[in-house]
Amino acid sequence: MDNIFSNNVNNVEISGIRKFFNKVTKVPGAISLTLGQPDFPVPKNIKNAMIRAINDNKTKYTANAGIPELRNEISEFLKSMDIRYSADEITVTVGGSEALLCIFAAFLNAGDKVLIPTPAYPAYESCVKIFGAEVVNYNLNKDFTINFESIIKLIDEENPKLLVMSHPSNPTGAILSLEERDKLFIILKEKDIYIISDEMYSSLCYEKYYSLAQIDELRNRVILVGGFSKMFSMTGLRVGYVCASKYITDNIMKVHQYNVSCVTSISQWGAYEGLRSSMGDVNDMKVEFEMRKEYVYKRLKKIGMDVALPKGAFYIFPSIARFSMSSEEFCNRLLNEGKVAVVPGSAFGTGGEGFVRISYSYSLEVLKEGLDRMEKWLKSLNLA
Ligand code: PLP
């Protein structure tokens, strides 16, 4: 049968993260360190708020942009990070994923160019391709900080419409420093470009938080993506948000409205309660993640891996360059021979080749077992 699907969709692949996760189930006894899914239960107050919402029959369509109560709380929450968007500049979306798709749909025409870091969360590249637009990758420095020369050169040469920034980063764990933020501002204020700032992991930043959305003069050109999947450990409840000045929000809303009408009402009430009364749980999770980060980093160093210390999110991205294998081969062998799954860096774009992503959103016990296995397997290669 002829290929009946759109050229754009034919051009998109299923996420390499999922592909690898699915492989794990086929290897008996294997441990997975692949997913970005916190292992904590949803905070109790959030659960109770959702049960209350059901019993109170809060089960109808909500406003397309989300319940005003939640949008007000998001606005307040952002203030605590020095970011100012009013409730009518906030759209509640079906996770960060829908936020991203709506933004790209609102902005992109076929052939438009989008600057995307590499390595990066794979959805950016795939969304851009779905709209027939063109991905232009910018490289990062060796420690995954921003390579300003690369950005300036590509903006000048390629004239992209959008620039994607993502901090704290999945997969590298890099955050935006004050110096980077201010230097970016100086560069971007002169350029005619809109900036998507994916801040999905803002609650998991182990140093002071900086964002381009904090800068008033850039605010009209920054589109901020956030959400509660990671923050409240509620990935399956699907609540995220996008913040942008009103004229951008109005256009994002056109897509969001026809896409989903609104986010599940019950989940919205859960997220609302979370912002009001579960920030203590968020902090407890952060403390636990930070402890795991230190553990995994030290273990990897001890094994002799070349690895940058992550400063946010719950991923670590060690180099495997010295093992003379592609990241795909390394991960396939580690899974089949060592019985532990991590994600090949190539799943995050060309800049991810030579690395693997380990998620430390698993308990210390699982992490210890996974790293013991990895150490044993690496020793069996007789390379150390
Ligand atoms: N942005 C980044 C950087 C992510 O890592 C993820 C999920 O892993 C998302 C967006 C999407 O989040 P959600 O699960 O809320 O759709």
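The preceding data block contains the structure.
Residues numbered from 1 in each chain as written. Predicted model: local features only at pLDDT ≥ 70, side-chain atom pairs only at ≥ 80, totals over all residues. Heavy atoms only, no water.

(A) How the structure looks around the environment of Asn137. Along the chain, Asn137 turns up in strand β4 (residues 134-139). On the basis of relative accessible area, Asn137 is assigned to the partly exposed category, the value being 26%. Leaving out residues up to four positions away in the same chain, Asn137 has contacts with Ile116, Pro117, Thr118, Glu125, Leu154 and Thr350. For Asn137, the side chain forms a polar contact with the main-chain oxygen of Ile116, separated by 3.1 Å. (Helix = DSSP H or I, 4+ residues; strand = E, 2+ residues; numbered from the N terminus. Buried < 20%, exposed > 50% of the residue type's maximum accessible area, 1.4 Å probe, protein only. Contact = heavy atoms within 4.5 Å. Polar contact = N/O pair within 3.5 Å; in protein donor to acceptor, adjacent residues only side chain to side chain.)

(B) Representation of the packing of aromatic side chains within the structure. According to the stated counting rule, one finds 16 aromatic pairs in the structure shown. Between the aromatic rings of Phe107 and Tyr194, the centroid separation amounts to 5.4 Å while the plane-to-plane angle is 45°, which identifies the pairing as tilted. One end of the pair, Phe107, is in helix α5 (residues 95-107); the other, Tyr194, is in strand β6 (residues 194-198), with 87 residues separating them in the sequence. Each of the two residues, Phe107 as well as Tyr194, counts as buried. Through successive ring pairs, a cluster of aromatic residues spans Phe40, Tyr201, Phe289, Phe314 and Tyr315. Positioned above the aromatic ring of Trp269, the side-chain terminus of Lys58 is 3.9 Å from the ring centre. (Phe/Tyr/Trp six-rings, centres within 6.5 Å; stacked < 30°, edge-to-face > 60°. Lys NZ or Arg CZ within 6 Å of the ring centre and 35° of its normal.)

(C) How the structure looks around the state of the cysteines. A full pass over the atoms with the stated rule returns 0 disulfides. Lacking any disulfide linkage, Cys243 is separated from the closest cysteine sulfur, that of Cys102, by 14 Å. (Disulfide = S-S within 2.5 Å.)

(D) Fine view of the pattern of salt bridges. All told, the structure shown has 23 salt bridges when counted by the stated rule. Residues Asp372 and Arg299 are paired through a salt bridge, measuring 2.9 Å at the closest nitrogen-oxygen approach. Within this pair, whereas Asp372 is found in helix α13 (residues 364-380), its partner Arg299 is found in helix α11 (residues 279-303), the two being separated by 73 residues in sequence. With a closest N to O distance of 3.0 Å, Asp372 and Lys368 form a salt bridge. Placement of the pair is Asp372 and Lys368 together in helix α13, with a separation of 4 residues, close to one helical turn. Via salt bridges that share partners, Arg299, Lys368, Asp372, Glu375 and Lys379 belong to a single interconnected network. (Salt bridge = Lys/Arg side-chain N within 4 Å of Asp/Glu carboxyl O.)

(E) Broad picture of the nonpolar core. Judged by nonpolar contacts, the single largest core of 55 residues is most densely connected at Leu70, Ile74, Leu78, Tyr85, Leu184, Leu188 and Phe228. The greatest single-element share of this core, amounting to 5 residues, is contributed by helix α10 (residues 265-277). Other than its neighbours up to four places away in sequence, Leu184 contacts Ile146, Phe148, Ile151, Met165, Leu176 and Leu212. (Core = buried A, V, L, I, M, F, W, Y, C linked by side-chain atoms within 4.5 Å.)

(F) Representation of the sheet that holds strand β12 (residues 356-359) in the model. Read from one edge of the open sheet, 3 strands run β9-β12-β11, paired in antiparallel fashion. Here the strands that pair on one side only, and so sit at the sheet edges, are β9 (315-316) and β11 (343-344). Note: β9 against β12, 2 bridges, orientation antiparallel. Across the sheet, the residue bridging to Tyr315 is Ser359, located in β12. (Pairing = 2+ DSSP bridges.)

(G) Summary view of the pairing of strand β8 (residues 240-243). Across the two faces of β8 the burial is the same, with Gly240 and Val242 and Tyr241 and Cys243 all buried. The pairing of strand β7 (residues 222-227) with β8 spans 4 bridges and is antiparallel. Residue pairing in the sheet places Gly226 in a bridge with Tyr241 of β8.

(H) Quick peek at the site of the ligand. The immediate surroundings of the ligand are formed by Gly95, Gly96, Ser97, Tyr121, Tyr124, Asn170, Asp198, Met200, Tyr201, Ser229, Lys230 and Arg238. Within the contact set of the ligand, an oxygen atom lies 2.7 Å away from a side-chain nitrogen or oxygen of Tyr201. Within the contact set of the ligand, an oxygen atom lies 2.8 Å away from a side-chain nitrogen or oxygen of Arg238. A total of 390 Å² of accessible area belongs to the ligand in isolation, and the protein chains cover 93% of it. With 3 residues, the single largest contributor to the shell around the ligand is α5. For the shell around the ligand, a count of residues per class yields 4 nonpolar, 5 polar and 3 charged. (Near = heavy atom within 4 Å. Areas by Shrake-Rupley, 256 points an atom, 1.4 Å probe, with all protein chains shown as cover. Nonpolar A, V, L, I, M, F, W, Y, C, P; charged D, E, K, R; others polar.)

(I) View of α13. For α13, with 17 residues, the first-to-last C-alpha span of 24 Å sits near the 24 Å given by 1.5 Å per residue. Taken as a whole, α13 has its buried residues at Leu367, Gly370, Leu371, Met374, Trp377 and Leu378. Taken around the axis of α13, the buried residues stretch over an arc of 125°, which confines them to a single face. Set apart from the buried face of α13 by more than 90 degrees, the exposed residues are Glu365, Lys376 and Lys379. The inward-facing, buried residues of α13 abut β1 (31-32), α11, α12 (327-338), β10 (340-341) and β12. (Expected span 1.5 Å × (residues − 1). Arc of directions from axis to C-beta.)

(J) Highlighting a nonpolar patch on the surface. Residues Ile4, Phe5, Val9, Leu101 and Ile130 make up a contiguous nonpolar surface patch of about 440 Å² in total accessible area. Position of Phe5 relative to the elements: it lies in the segment before α1 (7-10). Owing to a relative accessible area of 54%, Phe5 belongs among the exposed residues under this scheme. (Patch = residues over 30% accessible without salt bridge, like charges linked within 9 Å, V, L, I, M, F, W, Y side chains within 5 Å.)

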